[in-house]
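Listed below are the residues making up each chain.
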Amino acid sequence: MFEKPDLVVADLDILRHVFVKNFSHFVNRRFAAARLPGQNRGNSSNALLAKVLTVLEDQHWKDVRSTITPAFTTGKMKNLAFLFNDCLKIMGEIVSAHVDNEKPMDLKSVCGGFSMDVIAKSAFAIDVDAQHDELSPFIKFAKEIFGIKMTDPKAMLFLLFPQIFGLLERTLNFNLLFTEADEFFTTMLTSVIKERKERPKMSKPDFLQLLLNTVVDSKLNKNDLEDKEIANNNLGGKHLQLSLRETIAQCLIVLLAGFETSSLTLHFTLYLLSLHPEIQDKCFDEICDVLGDTTEISYEHVQKLHYIEQVINETLRMYSPSQRVNRECSKDITIKGIKIERGVTVSAPIYVIHYDEKNYPDPYKFDPDRFTPEEKAKRDPLAFLPFGYGPRNCIGMRFAQIELKMAVAFLIKRFRFLPSDPSQGMPIRLSPQGSTKPEKPLFNMCRPAINHPLGVVLIVFTGLKSSHGETTVTIVALGWHFVPEASQNNLRLRFLEIIRGDIS
Ligand code: HEM
């Protein structure tokens, strides 16, 4: 009944063996999965949660991962960008309302609403407007999944005696987590899938459709094969014809694995930007350069937002939503003189690695320049683990990166994020309960980006185009005085462009 020990390893060489070189010994994750020795939970239970990719094991995991990988390639993710734009517009309206009422904004609620909208639209094919409609059944059941209280007697039984619980679940068809929610998601997606099969022209380029397409056409195309990460992670799994229930389960994983992680990261990023105005200025400059006057953000724009990507990576280094990633050893093995027995779990402590001075000098400083290509090249790639590592890393990494970059670009282009309380500062204290949550909810004040001195000067520049009078030039000089240093070069260039435009 008692579990084998957990070996916590921060040595990056040993972790390389576990996550990559000897992956065949460490395919499975020690999930809080209930199973009897020798039984594979993914195969033995009909519960929706037992069929999601995160908990599948061995060959079954390889087959399902190989089958759905084509839905997550860069090429496929491109199509999702336009869906995200609709959700961004709603978030923009919500933030604007906070600007108008001049009240501090609860970042968790704003970012959570956005992240839920993205998931509802892309994986469940519904326009739920989670950012306004708290009462929709989709939100109710999604909350039910995340609201499982660890003090619930069933959850306690599960945590303390997983094997007994596994037995109960199988013999009594006792579904711990969410019988009603299971029914709700199954009924909803079954009817959408049926409709799409009957009327293919009604299909939308969302994640659900990508998943349905991989089941029919699961071969990777040429572009996908050129994708380095996918080629490296070729698992040799069979492409399966997923059952309806298995397909629905993979949609559910976007909710389970993608909601909280993306929402938390976005809310930490915005908060950190409010505490570091000079970094927010650099983001603003990059966004203006890349987006110009466009209001819709495309996948091509996202590819050019290099500094925003550095900011998000630095946020994930400091506040990774996962605190550990683990693999369970399936065959005895000796790595660097350490014997690891079958059944032992090897865990990588992400925070220890991300705050190790050897990997990141002055680790409590928020410094996105740690993620320039030059700095990254100097570091062991295993020193950055927010998405795990190796063939079983986060399959939704690109999905999350696109979603997050678009959200940051959209917001910083329009709004200026400021601390709601001047005493706020670094480091952000985390909840002592062991999960990556701030100790207290994070609030920010918001102003329109146009109120930022940059905005003032740009207006003056526009005026300058039509009149070269003395007054305008004086205002330019005054405005310039308030422009943060980080933005000045950029402005100089734009100023020259306007003048040149006038002359020609
Ligand atoms: C900032 C956002 C995210 C973070 C930080 C994150 C982090 C992680 C981590 C640490 C793992 C474990 C990796 C390992 O064991 O090596 C993981 C697995 C996974 N993630 Fe994410 N994730 C994010 C977003 C998403 C999204 C948006 C999706 C879905 C669209 C997703 C789907 C998954 C799945 C399915 C797995 C299990 C993969 C497998 O077992 O083969 N994640 N994620």
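One UniProt comment on the protein, placed under Cofactor (unreviewed entry), says "heme".

A word on the overall build of the protein. For the protein, the helix and strand inventory stands at 22 helices and eight strands. Taking all 504 residues of the protein together, 52% fall into the buried category. Sequence separation of 24 or more characterises 77% of the internal contacts of the protein that already satisfy a separation of 6 or more. As displayed, the protein has an accessible area near 24,100 Å², and 57% of this comes from carbon and sulfur atoms.

If you look at soluble globular proteins, the nonpolar side chains tend to sit buried side by side. Among the nonpolar cores identified, the biggest contains 132 residues, and Phe-124, Phe-138 and Phe-185 are the most heavily contacted of them. Element by element, the count of residues in this core is highest for helix α13 (residues 244-275), at 16 residues.

Turning to the sheet that holds strand β7 (residues 415-419), a few remarks are in order. Spatial strand order, β2-β8-β7: three strands in an open sheet with antiparallel pairing. Edge strands, defined here as strands with exactly one partner in the open sheet, are β2 (105-106) and β7. Against the sheet, helix α19 (residues 397-414) engages β7 and β8 (443-448), with an angle of about 90° to β7.

Once that is clear, we can look at the coordination of the iron atom of the ligand. Donation to the iron atom of the ligand from the protein comes from one atom only, Cys-394 (SG), at 2.3 Å. Assignment of secondary structure puts Cys-394 in the loop between α18 (373-378) and α19.

Looking now at the sheet that holds strand β3 (residues 324-328). With mixed pairing, three strands are arranged side by side in an open sheet as β1-β6-β3. Two strands in the sheet have a free side with no partner beyond their single neighbour: β1 (6-8) and β3. Pairs of neighbouring strands in the sheet enclose a mean axial angle of 25°, with direction left out of account. Examined bridge by bridge, β1 and strand β6 (residues 345-349) share three bridges and lie parallel to one another. Bridge pairing in β6 links Leu-7 to Val-346. Sheet contacts for helix α1 (residues 12-21): β3 and β6; angle to β6, the most-contacted strand, approximately 120°.

As recorded in UniProt, the sites labelled "binding site: heme" (unreviewed entry) are Cys-394. When its relative accessible area of 31% is taken as the criterion, Cys-394 is described as partly exposed. Ignoring any residue separated from it by four or fewer positions in sequence, one finds Cys-394 in contact with Arg-65 and Phe-387.

Put simply, helix α14 (residues 277-291) and helix α16 (residues 306-318) touch, their axes get as near as 8 Å, and they point 145° apart. From α14, Ile-279, Lys-282, Cys-283, Glu-286 and Ile-287 reach across to α16, where they touch His-306, Tyr-307, Ile-308 and Val-311. Of the residues contributing to the contact of α14 with α16, the split by class is six nonpolar, one polar and two charged.

As a further point, take the site of the ligand. The environment of the ligand is made up of 28 residues, and the closest members are Trp-61, Arg-65, Arg-327, Arg-392 and Cys-394. A distance of 2.8 Å separates an oxygen atom of the ligand from a polar side-chain atom of Trp-61. Here Tyr-389 contributes a backbone N or O atom positioned 3.2 Å from an oxygen atom of the ligand. At the level of elements, α3 (58-68), α13, β3 and α19 are the ones that each hand at least two residues to the shell around the ligand. Broken down by class, the residue content of the shell around the ligand amounts to 15 nonpolar, nine polar and four charged.

As enumerated under the stated definition, the model contains 17 salt bridges in all. The residue Asp-13 makes a salt bridge to Lys-336 at a minimum N-O spacing of 3.7 Å. Linking Asp-13 in helix α1 with Lys-336 in the loop between β4 (333-335) and β5 (338-340), this pair joins segments that are 323 residues apart in sequence. Residue classification places Asp-13 among the partly exposed residues on the basis of a relative accessible area of 37%. A salt bridge links Lys-121 to Asp-86, with the shortest nitrogen-to-oxygen separation between them at 3.6 Å. Taken as a pair, Lys-121 in helix α5 (residues 107-123) and Asp-86 in helix α4 (residues 74-101) lie far apart in primary sequence, 35 residues in all. Via salt bridges that share partners, Asp-11, Asp-13, Arg-16, Lys-336 and Asp-380 belong to a single interconnected network.

Criteria and thresholds
Residues numbered from 1 in each chain as written. Predicted model: local features only at pLDDT ≥ 70, side-chain atom pairs only at ≥ 80, totals over all residues. Heavy atoms only, no water. UniProt positions renumbered as here; feature names shortened; annotations may be inferred. Helix = DSSP H or I, 4+ residues; strand = E, 2+ residues; numbered from the N terminus. Buried < 20%, exposed > 50% of the residue type's maximum accessible area, 1.4 Å probe, protein only. Contact = heavy atoms within 4.5 Å. Areas by Shrake-Rupley, 256 points an atom, 1.4 Å probe, with all protein chains shown as cover. Core = buried A, V, L, I, M, F, W, Y, C linked by side-chain atoms within 4.5 Å. Pairing = 2+ DSSP bridges. Axes fitted to C-alpha atoms, helices over the stretch in contact; angles between N-to-C directions. Donors = N, O, S within 2.8 Å, 3.2 Å for Na, K, Ca; no water. Nonpolar A, V, L, I, M, F, W, Y, C, P; charged D, E, K, R; others polar. Near = heavy atom within 4 Å. Polar contact = N/O pair within 3.5 Å; in protein donor to acceptor, adjacent residues only side chain to side chain. Salt bridge = Lys/Arg side-chain N within 4 Å of Asp/Glu carboxyl O.

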